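# Working through the structure, step by step
The chain contents come next:
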Amino acid sequence: MILYIAEKPSLGRAIADVLPKPHKKGEGFIQDANGNCVSWCVGHLLEQAEPDAYNPEFKSWKFEHLPIVPEKWQLKPKAATRSQLTVLKKLVKQADTLVNAGDPDREGQLLVDEVIAYLGVTGDKLQQTQRLLISDLNPQAVKRALSQLRSNREFIPLSTSALARSRADWLYGMNMTRAYTIQGKKVGYQGVLSVGRVQTPLLGLIVRRDEEIAHFQSKPFYEVLAHLATDKQQAFTAKWQPSEACLPYMDEEGRVLAKGLAQNVVRRITDKPAKVTQLSTKDKQQNPPLPYSLSALQIDAAKRFGMSAKDVLDNCQSLYERHKLITYPRSDSRYLPTEQHGLATGVLAAITGGAPELVAHTDVPNPRLKSKAWDDKKVDAHHAIIPTEKQPNLGSLSQRERQLYLHIARQYLAQFYPAYCYGETAVEVTIEGGFFKTKARQDKSLGWKQLFAREEGESKDSANRASSTSASQHGEGQEGDKDTDEGEYYGHLPLLTLGQILHCNQGELVEKQTQPPKAFTDATLLGAMTGINRYVTDPEIRKILKETDGLGTEATRAGIIELLFKRGFIQRQGKSIAATEVGKGLINSLPLSATTPDMTALWEASLNGISHKEISYQGFMQPLLGTLHNLIENAGAQLPSALNGLKGQGFKRAGTKKSGYRKASTRGAAGGKNAGTGAKKVNARNSATTSSTSTTPKSAASRRRVNKTPAQA
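What counts and how
- Residues numbered from 1 in each chain as written.
- Predicted model: local features only at pLDDT ≥ 70, side-chain atom pairs only at ≥ 80, totals over all residues.
- Heavy atoms only, no water.
- Helix = DSSP H or I, 4+ residues; strand = E, 2+ residues; numbered from the N terminus.
- Buried < 20%, exposed > 50% of the residue type's maximum accessible area, 1.4 Å probe, protein only.
- Contact = heavy atoms within 4.5 Å.
- Areas by Shrake-Rupley, 256 points an atom, 1.4 Å probe, with all protein chains shown as cover.
- Phe/Tyr/Trp six-rings, centres within 6.5 Å; stacked < 30°, edge-to-face > 60°.
- Lys NZ or Arg CZ within 6 Å of the ring centre and 35° of its normal.
- Arc of directions from axis to C-beta.
- Pairing = 2+ DSSP bridges.
- Salt bridge = Lys/Arg side-chain N within 4 Å of Asp/Glu carboxyl O.
- Polar contact = N/O pair within 3.5 Å; in protein donor to acceptor, adjacent residues only side chain to side chain.
- pLDDT = per-residue confidence, 0-100.
- Lys, Arg positive; Asp, Glu negative; His and termini not counted.
- Axes fitted to C-alpha atoms, helices over the stretch in contact; angles between N-to-C directions.
- Parallel < 35°, antiparallel > 145°, perpendicular 65-115°, else oblique.
- Nonpolar A, V, L, I, M, F, W, Y, C, P; charged D, E, K, R; others polar.
- Left-handed = near helix turned anticlockwise from the far one by under 90°.
- Core = buried A, V, L, I, M, F, W, Y, C linked by side-chain atoms within 4.5 Å.

### Brief notes about the overall build of the chain
- Across its full length, the chain carries 21 helices and 19 strands.
- Classification of the 713 residues of the chain by burial places 58% in the buried group.
- Long-range pairs, those at least 24 residues apart, make up 79% of the contacts in the chain between residues at least 6 apart in sequence.
- Total accessible area on the chain stands at roughly 29500 Å², and carbon and sulfur atoms take up 48% of it.

### Topic: the packing of aromatic side chains
- Scanning all chains against the criterion turns up 9 aromatic pairs.
- Each residue in the set Y172, W603 and F620 is aromatic and connected to the rest through ring pairs, giving one cluster.
- Directly above the ring of F155 sits R131, whose terminal nitrogen or CZ lies 5.8 Å from the centroid.
- Across the ring face of F520, the terminal group of R209 is positioned such that the distance to the ring centre comes to 4.2 Å.

### Section: helix α5 (residues 139–146)
- Those residues of α5 not exposed but buried are A141, V142, A145 and L146. End-on, the buried residues of α5 take up no more than an arc of 140 degrees, which puts them together on one face.
- On its buried face, α5 is in contact with β1 (2–6) and α1 (9–16).

### A few points about the pairing of strand β11 (residues 220–229)
- Of all the 10 residues making up β11, 8 are buried; the element is thus mostly covered by neighbouring parts of the structure.
- Here β11 pairs with strand β16 (residues 501–513) via 10 bridges, running antiparallel. Within β16, the residue paired with P220 across the bridge is Q513.
- Here β11 runs beside strand β12 (residues 235–241); their pairing, made up of 5 bridges, is antiparallel. Within β12, the residue paired with L228 across the bridge is F236.

### As for the pattern of salt bridges
- Scanning all chains against the criterion turns up 23 salt bridges.
- The residue R106 makes a salt bridge to E604 at a minimum N-O spacing of 3.0 Å. Pair noted here: R106 is in helix α3 (residues 106–118) and E604 is in helix α20 (residues 598–611), with a separation of 498 residues, a long-range link.
- You can call E604 buried: its relative accessible area is 10%.
- As a salt-bridge pair, D251 and R255 come within 2.8 Å of each other at their nearest N and O atoms.
- Judged by its relative accessible area of 9%, D251 falls in the buried class.

### Describing the sheet that holds strand β10 (residues 150–151)
- Spatial strand order, β2-β3-β4-β1-β8-β9-β10: 7 strands in an open sheet with mixed pairing. The two strands at the open ends of the sheet, each matched to only one other strand, are β2 (24–26) and β10.
- Strand direction decides the pairing type here: strand β8 (residues 97–101) and strand β9 (residues 130–131), joined by 2 bridges, are parallel. Paired with V99 across the two strands is Q130, which belongs to β9.

### Side note on the side chain of S135
- Within the secondary structure layout, S135 lies in the loop between β9 and α5.
- Of the polar contacts made by the side chain of S135, one reaches the side chain of H383; its length is 3.4 Å.
- Excluding residues within four positions of it along the chain, S135 makes contact with Y320, T327, Y328 and H383.

### Examining the confidence of the model for the chain
- Of all residues in the chain, 85% attain a pLDDT of 70 or more, and the chain-wide mean is 85.
- Note on residues 456–487: pLDDT is under 50 here. Beyond four places in sequence and across chains, it has 76 contacts.
- Ignoring residues within four places in sequence, the model shows residues 651–713, a span with pLDDT below 50, making 273 contacts including any to other chains.

### Focus on the pairing of β12
- Turn length for the β11-β12 hairpin, with the two strands adjacent in sequence and antiparallel, is 5 residues, and the turn residue Q233 shows positive phi of about 60 degrees.
- Direction of pairing for β12 relative to strand β15 (residues 434–445): antiparallel, over a ladder of 3 bridges. Its bridge partner being in β15, W240 is matched across the sheet by F436.

### Thoughts on the side chain of R330
- With respect to the element layout, R330 can be found in the loop between α10 (309–321) and α11 (344–354).
- Buried and unpaired, R330 has no salt bridge, with D103 as the nearest side chain of opposite charge at 5.1 Å.
- At 3.3 Å, the side chain of R330 and the side chain of Q317 are in polar contact.

### Here's the deal with the environment of C316
- With respect to the helices and strands, the residue C316 is situated in helix α10.
- Overall, the relative accessible area of 0% leaves C316 in the buried class.
- In this structure, the C-alpha to C-alpha distance between C316 and R400, residues 84 residues apart in sequence, is 9.2 Å.

### Regarding the sheet that holds β15
- If you walk around this closed barrel you meet the 6 strands as β11-β12-β15-β14-β13-β16, and the pairing is antiparallel. For this sheet, the mean angle separating the axes of adjacent strands, direction not counted, is 35 degrees.

### A short note on the packing of α3 against helix α6 (residues 156–186)
- Close contact between α3 and α6 brings their axes to 8 Å; oriented N to C, the two are set at 90 degrees. Between α3 and α6, the interaxial angle falls into the category roughly perpendicular. Along its contact with α3, which presents R106, E107, Q109, L110 and D113, the element α6 presents L158, S159, S161, A162, L163 and R165.
- Class assignment for the residues of the contact of α3 with α6 results in 4 nonpolar, 3 polar and 4 charged.

### Quick look at the packing of α20 against helix α21 (residues 617–637)
- Look at α20 against α21: their axes get within 9 Å of each other, and the N-to-C directions meet at 160 degrees. Judged on the interaxial angle alone, α21 and α20 are roughly antiparallel. The two elements α20 and α21 meet at a crossing, and its hand is left-handed. Contacts from M599, W603, S606, L607 and I610 in α20 reach Y617, F620, L624 and T627 in α21.

### Some points on the environment of K275
- On the secondary structure map, K275 appears in strand β13 (residues 272–286).
- Separated by 160 residues in the primary sequence, K275 and F435 have C-alpha atoms spaced 9.9 Å apart.
- Excluding residues within four positions of it along the chain, K275 makes contact with E428, V429, T430, G499, Q500 and I501.

### Side note on the nonpolar core
- I15, Y405 and Y412 are the most contacted members of the largest nonpolar core, which has 139 residues in total.
- Among the elements that line this core, the one with the most residues is α6, at 12 residues.
- Sequence-distant contacts of Y405, defined by excluding residues within four places in its chain, comprise L319, L325, I326, I351, P387, P392, L394 and L397.
- Counting residues in each nonpolar core, the second largest holds 25 residues, with Y222, M250, A440 and L502 among its members.

This is the structure in structure tokens:
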């Protein structure tokens, strides 16, 4: 008997729907006509053992217990889903072949692997376990996936990466939270001070941005515009380019701070002859923006529709599971496998049949075109979010679902239009020895941009900006993106020739004020999380990181942001996100290394290395334990005085079920499978599928048994 173990019931039903009929439905499973069975997890069926399972003394939070490092990691069945684990236990014993049908990501891999390990599967049955990767719940897609089963052993590194991530998060979050909560009580703070590998650096970004804004002192700076005309009175404008002689009067960003200098330039150029000293015209093109990853979609949806990251994830999950209109949404990829291009005709027919407004008054999409999105080398466990071959009934969708489907569909449609082509003219004009520049762009062929220009309520210029936003923020900018900054262009230019004599009718002094950095919004905070390299302070770490390395994962970022709101560390102020006094107090009480993204970004890069067999589990965990000891020692050496006088959300006694340290992988309000930091324990070394209890590298605290605290991310 073949047993397919799905991550959730909806996925299990999708698999069963394409297996031979008639079906027999049992309690927690479906049997097909050949006697094969489909069963499922309900999210994570296993969680960390309660503290008293290790040592009753650790019901109390005491600093001398820290750091607590498990000698052996243990799992226990979750009470709410114990019956489903019992169903799986019976079916696993009966099965000849197991198929892991977890979601196509590292947490989905581990979620099923840990159940297989907990149920004691070994030997040939374990070695022969297969992997089913499904990213589209429509029947034809599920059938294709079933015909492409792979060995589950191929995914051991991916599972090990998830295992290392969860244990690292648990060790760091649990110990640091206890340490600072205990120290906080000494200065009168009665709340739980939750510290996490991801949530705390994210809070640090917000606190530091708030402080920059609060301490910002605006200052004036000056620009000079030359209003020029040809002998035929064709007018245009060029901007002054200060020379090196002006450097003493400029700031580090090249802005002129001396008003007198700018006024002098205005006087010198007014009513004076000018000459075209440089002139270039280039034909350029901009390729279509890539299809969406989850973060790219969340950023664009926040800007376009004001949707929070959690709103986007929840509605995408509904479009995927309930409506079956999009592929797997928790994807960090913006690329597609080349074989998927063969389905393009069907997907395009579904889009244009169900959402004809997307292509109204545009050229017909050409399914023979293949954009840069199709690239097997850039596709790993899952691919970009795209529409499925199912034709949508937009009337059956909620407003949010409809908005997101159309956004995803339009981005996919763009892959079947030619590049946007335009001509760019750059001009340098010399007036009285000073240099002035201007630039203009002329559309030649809209190509894919006609999809954006035609969108209801959106002008062509706003489409230009919208279409390149997500790509540039994720380090995946398209060819020509950097040339589309609207601020560089000064309207249309007349036909000019090199050496042409012009007349400067007037010089204009433009006084501006330096502006403080903008407060974070949902969109910019997600952008910071996905491009964290920009915020890393250590230049050596920055060298190691890629531009696309980020804080958290696609599945967890929304939940981490929501978690900071829930814990009272951040708040909304209109569309802006700001830290609360408690959030500021916590960040100002922690060591810098705990509040900057350097360490956690490096960890994430290492975890990615584990999944690609570049780093071992032990090579990741050993340095982490050393860092943890140092952090705990530092926490005990000083009191968090920044928390004096602040009130928390209340302190629940440790050891009670409600205050127990929750698993990262539990789905729910926190969002995502690893929004918290609970450890999922399978094997301490390179396989996550060999044992339900395993040994962690021993340290000075290796005999201090595991204890739980409130959830950390």
